[in-house]
6 protein chains.
Amino acid sequence: MRLHVVNPNASAAMTEGIASAARDATPAGASVTVTGAAGGPLSIEGPVDGAMAVPWMLQRIEEAERAGTDGHVIACFDDTGLDAARCLARAPVVGIGEAAYHCASLLADRFAVVTSVPEALPVLRGNLIRYGLAARCAGLRAAGVPVLEIDAGTPEALAAIRREVHAGLEQDGADAIVLGCAGMAALAADLSEDFDCPVIEGIAAGLALAAALAGAGLRTSKRGGYAAPRQKAPR
Amino acid sequence: MRLHVVNPNASAAMTEGIASAARDATPAGASVTVTGAAGGPLSIEGPVDGAMAVPWMLQRIEEAERAGTDGHVIACFDDTGLDAARCLARAPVVGIGEAAYHCASLLADRFAVVTSVPEALPVLRGNLIRYGLAARCAGLRAAGVPVLEIDAGTPEALAAIRREVHAGLEQDGADAIVLGCAGMAALAADLSEDFDCPVIEGIAAGLALAAALAGAGLRTSKRGGYAAPRQKAPR
Amino acid sequence: MRLHVVNPNASAAMTEGIASAARDATPAGASVTVTGAAGGPLSIEGPVDGAMAVPWMLQRIEEAERAGTDGHVIACFDDTGLDAARCLARAPVVGIGEAAYHCASLLADRFAVVTSVPEALPVLRGNLIRYGLAARCAGLRAAGVPVLEIDAGTPEALAAIRREVHAGLEQDGADAIVLGCAGMAALAADLSEDFDCPVIEGIAAGLALAAALAGAGLRTSKRGGYAAPRQKAPR
Amino acid sequence: MRLHVVNPNASAAMTEGIASAARDATPAGASVTVTGAAGGPLSIEGPVDGAMAVPWMLQRIEEAERAGTDGHVIACFDDTGLDAARCLARAPVVGIGEAAYHCASLLADRFAVVTSVPEALPVLRGNLIRYGLAARCAGLRAAGVPVLEIDAGTPEALAAIRREVHAGLEQDGADAIVLGCAGMAALAADLSEDFDCPVIEGIAAGLALAAALAGAGLRTSKRGGYAAPRQKAPR
Amino acid sequence: MRLHVVNPNASAAMTEGIASAARDATPAGASVTVTGAAGGPLSIEGPVDGAMAVPWMLQRIEEAERAGTDGHVIACFDDTGLDAARCLARAPVVGIGEAAYHCASLLADRFAVVTSVPEALPVLRGNLIRYGLAARCAGLRAAGVPVLEIDAGTPEALAAIRREVHAGLEQDGADAIVLGCAGMAALAADLSEDFDCPVIEGIAAGLALAAALAGAGLRTSKRGGYAAPRQKAPR
Amino acid sequence: MRLHVVNPNASAAMTEGIASAARDATPAGASVTVTGAAGGPLSIEGPVDGAMAVPWMLQRIEEAERAGTDGHVIACFDDTGLDAARCLARAPVVGIGEAAYHCASLLADRFAVVTSVPEALPVLRGNLIRYGLAARCAGLRAAGVPVLEIDAGTPEALAAIRREVHAGLEQDGADAIVLGCAGMAALAADLSEDFDCPVIEGIAAGLALAAALAGAGLRTSKRGGYAAPRQKAPR
């Protein structure tokens, strides 16, 4: 089984980090290819970056689809361009935010999300409402740490993230934690052990669900909302 | 007061039609400029077209914002790129779908939406859920008529639209109708008279609400979800 | 365009204050008449006052309707008697609470409401649920200041209001503020500047939306819930 | 235990019919007094009638409260003036619509409501949403029969009601029926037997719940939304 | 009228306590029989205990049903096995959690629940969502006191419960309190007086509602979800 | 990886059918053990059967847990005893109903469920509400065919199922189908091809998701709702 992870951010360093996380989380019997957007914003921080990144990301989805990929993972916690990607694919397409919420819903009554910066919260809130899983989310929390500092792994960044994980469990009453930022993937195992509860990061969750769907022979619906786009007459 | 209507579809004919509808619906004391996307898909029919159109549309939003516009209207019933446009604007930004739903909510207990083709329904449903107005919508209906035939105004197209308006009122129990396609703007007045109920089309609703917000001195929030995008380091 | 603002409170001083706020917020091309209830409670503080005020208010709606008004605004943040008023009017009718929520929803992802006293909160919560906009409301807050002290503009009252505005933005995570009391209208501009976000008061919002609907040629639905009342046989 | 049923409709004939239904449904150990509004509309058909009736009904609530009633029932399926009545009472106050929905929720997974005329539906829908029980309602149906014809018990009226009861069970998938009109009280027993399912009418349900609350020593909360109205300074 | 209270917990001491509370709360004209499960877990603390207790409890429901009981009350705040019990009964069946939520909804705009230990919260939350009353619940709070200490009535236990009642009213903004544990029944009257608001415990509420339904001649629906179980072929 | 499928129905024939479906759907790198309840009802048709089956099923969960299973699947579309099973397991536990809904949500905007008999619908509806995915479900449909006839594969049974699949797509507007009965597993592939859309059956979905969670190193939360049951003192 061949899985494709696309990083909608144009940063090559970020793509490398995602590739490293994907190597650690490759499902049994699968091989994973990681691609990055050839253009668009270096990092996606809000709706404008997201909008500018999607056309470049869709290119990668189409290329991988033509190459015969069995499943796609969109490696941005905003699930940027997810609906459009599904229109271009027969293989299943999973966003890492969506994947993490669904996995958390199968392991715990309610989960809290800990993400990087407060600006990210409205997009995540909107996604949870549309997916139908908002009632399963006990709290949406921002650690107040920009993505680059998270990548750098400074002690201050780690302390801020741990503080919010603790608050999500104790104040919000969550039973599991979703890490709302691709850059936090490496922290999941330690946090899970320290707080003795599921701590879910999206790249592993996304690869696992894409492999599950593909392995079960399931494909994206081409009826209704995810129908292939109509051909246009030339201008 | 200067208002800006942007057509995210690249079709010049469609932009002309929108300009004509906008002339008929210019609010008192306002002047309206209509622009069209300089590139992207000729018509927006689904999420991929929407995604490819947004970068071109955002260009127009930025230009109009720099030129000192007092309010923006996005003339696509999908409200394509609405969040991203708000991030780039200090002036209010209103989508024609959103505008029509809000107006209908002020005139009737529940409204039905009549749009062109069934593929359009999932995007509209998702928007209604996110805006919070899904419970006010008694029914989402597609006339099964492509946009171009609506523009051509064939008797068959008109008959199909009237049939769904009737069903929305009688079967769904709606008290008002929202026309879910920019190309239906010219039909609103006649339908309203024939069915003796509010029939709301988005261009008039969008211009009216943008003028209302701008006239009241209100501007798009720059906190949280609609903050201006961060500057990126050059690649 | 002729707009009618009715103050359901019988206090003449309050009617004057509303008239002053309405003068500052008259939409372009409109003239505004402000009327006050000829009887009923001096001030509306809870459901009993509201119930006793509505018959008097409906009298004003009927008079203005007969006089040919193009739109009505109910100047009580509880939106007292809104459904009944719509049954009596062909022109659009907008409550100032409802108007403020709709405007806030077009400018921000989520808003917080700051009102006078805690007793007011259940009515506002019920309205938000019925309008469908409860999910857009990040927090409902009472400053703990009675309406008369707000009108008097004491430093303590202002400090209490500012404290709740701050809490709505920082603790509730709102991106905009709705001032939930007609007496706070004069504070909106300063608060908006100081907190650098939209601060919406209902009289301006109500006039703007009533003018928008009327200007777009839209009228209250006479189907379903807002049908004119049936004539009764004499007793 | 002394229970008070108030008919907010001014029709003496209707008050007599309600008194007859109340006699048949008096709970064990209770005595029931039925009063009618001394003024206001003869019958409540929509929000304007409701608004004009409430002040007269509140008078009856206050009189009964002063006389030492242990519980009140508002005998209009719209639950007209329910919040205001609770503000004036220490004893429990139950609306017959609300009572029927709560009883149905304890006997069946989902219920359908069969009422008189379609104009009644929006008020009932709004109430169900506010009470929180909308998801328990499988369908809201109008028999298309005015209240007076229901009272007259014509074969056509009965046939229309039976048709909608059948549709509520078979088409909507309800497991129980709520009769949404005080005039249908006498039909409940026969319909229940014929359709072999609970058929709930509001007067019996309202008396039963008012007696249940009073018998358990429970009283209306005077905190928050149902606090007694504040005294006003004289004008 | 004969009512049956079943304690799904196998603890005889608990059954005695419930019998004592039931004696204090017997509705007018009713006699109450209290039974305890003949096997299963001594106390129900979570879903496994609940699952193991239900078969024993259903036995008691069947016995009482055969003996001609007019109504059943399940005396566990989790409403353990409620759906299954309804399938076996023609008489009404009420859970004490469900009963308390419905009574609170008739006396106050919003209620807070104070229960024993945090592990109990997810079951209660799930029930509130299914019943449809989650929006009426302002807060779910655990006093952090195990059931046995509540029964023992230690000063620490009482202080912890009072602290959460206070927080439910002041922080959550509730207007009434639901005591979420059968062992708290004896505290309701004092708490109600001290905090001057309705404080509802489930045994009284359950008996009152079961008597109300039975007294009104209402019975559990045998359509749909509560149909009697089908006979199986012998294995 | 070792996966455990438990059939809560006591029918050995049904267990064999499930084992056969599980063999066809074993995820890469996994081995599957199928167990059946040693007692309890032969088939689960409603809440009483479910309640009587759970203690026997939990025994199998505990045995498999002790034997070192990496993931459990509960092979009843009602997801009988799911919460209790999670309390007893550290490995992930997935119900086949829940699994099918989550997979469908990743492949389509909205899905319809086609199950065997109408009595099954209320349990499924309640589950969808609790999981949060009710808004993703366009329709719940019963083919009116008992489980044994489905197993027998009569032409009438197949025709009835196809009719409801068609109605779910065309009338409800679903984009994918969930087969709501373990006995329909063998039909999924053909129906998917004939209707050209995803048709999801729960055994494959459940095995895929259990393998996905286990493969990603995720385990059931032991905080909050799924904590291990407390030890009881001996009676």
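Residues numbered from 1 in each chain as written. Chains lettered and ligands numbered in written order. Predicted model: local features only at pLDDT ≥ 70, side-chain atom pairs only at ≥ 80, totals over all residues. Heavy atoms only, no water.

All names here are of chain A. Considering all chains together, one arrives at 18 aromatic pairs over all chains under this definition. The interplanar angle of 85° and the centroid separation of 5.7 Å between the aromatic rings of F77 and Y101 together place this pair among those described as edge-to-face. One end of the pair, F77, is in the loop between β3 (71-74) and α3 (82-88); the other, Y101, is in helix α4 (residues 96-107), and 24 residues separate them in sequence. Across the pair, Y101 and F77 agree in class, each one buried. Aromatic rings pair up to connect F77, Y101, F111 and Y131 into one cluster. (Phe/Tyr/Trp six-rings, centres within 6.5 Å; stacked < 30°, edge-to-face > 60°. Helix = DSSP H or I, 4+ residues; strand = E, 2+ residues; numbered from the N terminus. Buried < 20%, exposed > 50% of the residue type's maximum accessible area, 1.4 Å probe, protein only.)

Turning next to helix α5 (residues 121-131) of chain A. Of all 11 residues that make up α5 of chain A, eight are buried, and the element is covered over most of its length. For α5 of chain A, the set of buried residues is L121, P122, L124, R125, G126, N127, L128 and Y131 of chain A. Buried residues belonging to α5 of chain A abut α3, α4, β5 (111-115) and β6 (137-142) of chain A together with α5 (121-131) of chain B. Following α5 of chain A by one or two positions, G132 of chain A adopts a phi angle in the positive range, close to 95°. (Contact = heavy atoms within 4.5 Å.)

Residue and element names in this part refer to chain B. Evaluated as defined, the whole model comprises 54 salt bridges over all chains. Taking the shortest distance from any N to any O, the salt bridge between E98 and R86 comes out at 2.9 Å. Here the residue E98 occupies a position in helix α4 (residues 96-107), and R86 occupies one in helix α3 (residues 82-88), the gap between them amounting to 12 residues. Assigned by exposure class, E98 and R86 land together as buried. Between R141 and E164 there is a salt bridge, and its shortest N-O distance comes to 2.9 Å. Taken as a pair, R141 in strand β6 (residues 137-142) and E164 in helix α7 (residues 155-170) lie far apart in primary sequence, 23 residues in all. Both residues of the pair, R141 and E164, count as buried. (Salt bridge = Lys/Arg side-chain N within 4 Å of Asp/Glu carboxyl O.)

Following the sequence through the fold, T220 of chain D ends up in the segment after α9 (202-215). Residue class for T220 of chain D comes out buried when judged on its relative accessible area of 2%. A distance of 2.8 Å separates a polar side-chain atom of T220 of chain D from the backbone oxygen of A91 of chain D. Filtering out sequence-adjacent residues up to four positions away, T220 of chain D remains in contact with R86, A89, R90, A91, P92, V93 and Y226 of chain D together with L107 and P198 of chain E. (Polar contact = N/O pair within 3.5 Å; in protein donor to acceptor, adjacent residues only side chain to side chain.)

This part is about the side chain of D79 of chain A. Residue and element names in this part refer to chain A. On the secondary structure map, D79 appears in the loop between β3 and α3. At 2.8 Å, the side chain of D79 and the backbone nitrogen of G97 are in polar contact. Beyond its immediate chain neighbours, meaning those up to four positions away, D79 contacts G95, I96, G97, E98, N127 and Y131.

What follows concerns helix α8 (residues 188-195) of chain E. Residue and element names in this part refer to chain E. Those residues of α8 not exposed but buried are A188, L191 and F195. On an axial view of α8, the arc spanned by its buried residues comes to 70°, and they lie on one face. Opposite the buried face of α8, by more than 90 degrees, sit the exposed residues A189, D190 and E193. Against α7 (155-170), β7 (176-180) and β8 (199-201) lie the buried residues of α8. (Arc of directions from axis to C-beta.)

A word on the sheet that holds strand β2 (residues 31-36) of chain F. What links the strands of a sheet is backbone hydrogen bonding, and the strands pair in either a parallel or an antiparallel sense. All names here are of chain F. Taken in spatial order, the four strands line up as β2-β1-β3-β4 in an open sheet, and their pairing is parallel. The sheet terminates laterally at β2 and β4 (93-95), the two strands that pair on one side only. Averaged over all pairs of adjacent strands, the angle between strand axes in this sheet comes to 20°, irrespective of strand direction. Two strands pair when backbone bridges link them, and strand β1 (residues 2-7) and strand β3 (residues 71-74) are joined in this way by four bridges, in the parallel orientation. Its bridge partner being in β3, V6 is matched across the sheet by I74. Packing against the sheet, helix α2 (residues 47-66) makes contact with β1, β2 and β3, and its axis sits at approximately 170° to β1. Each of β3 and β4 touches helix α4 (residues 96-107); the most contacted strand, β4, lies at about 80° to it. (Pairing = 2+ DSSP bridges. Axes fitted to C-alpha atoms, helices over the stretch in contact; angles between N-to-C directions.)

On to the arrangement of the chains, then. For the non-touching pair chain A and chain D, the nearest C-alpha separation works out to 16 Å. In this assembly chain B lies apart from chain E, the nearest approach of their C-alpha atoms being 16 Å.

Moving on: the domain arrangement of chain A. Residues and elements named next belong to chain A. Parsing chain A into structural domains produces domain 1 (2-96 + 205-224) and domain 2 (98-201). Each partner contributes to the interface: domain 1 provides 17 residues, whereas domain 2 provides 21 residues. For the pair domain 1 and domain 2, the summed buried surface comes to about 1400 Å²; carbon and sulfur atoms form 60% of the total. Among the residues domain 1 hides against domain 2, the three largest losses belong to F77, D78 and A205. Together they make up 42% of the total. Across the contact surface, domain 1 and domain 2 share two salt bridges. In this assembly, domain 1 and domain 2 are joined by nine residue pairs in polar contact (both at pLDDT 80 or more). When contributions to the side of domain 1 that touches domain 2 are tallied by element, the ones reaching two or more residues are α1 (12-24), α3, β4 (93-95) and α9 (202-215). Residues belonging to the side of domain 1 that touches domain 2 are distributed by class as follows: 11 nonpolar, two polar and four charged. (Domains from an automatic or database assignment. Buried area = accessible area lost by both parts, 1.4 Å probe. Nonpolar A, V, L, I, M, F, W, Y, C, P; charged D, E, K, R; others polar.)

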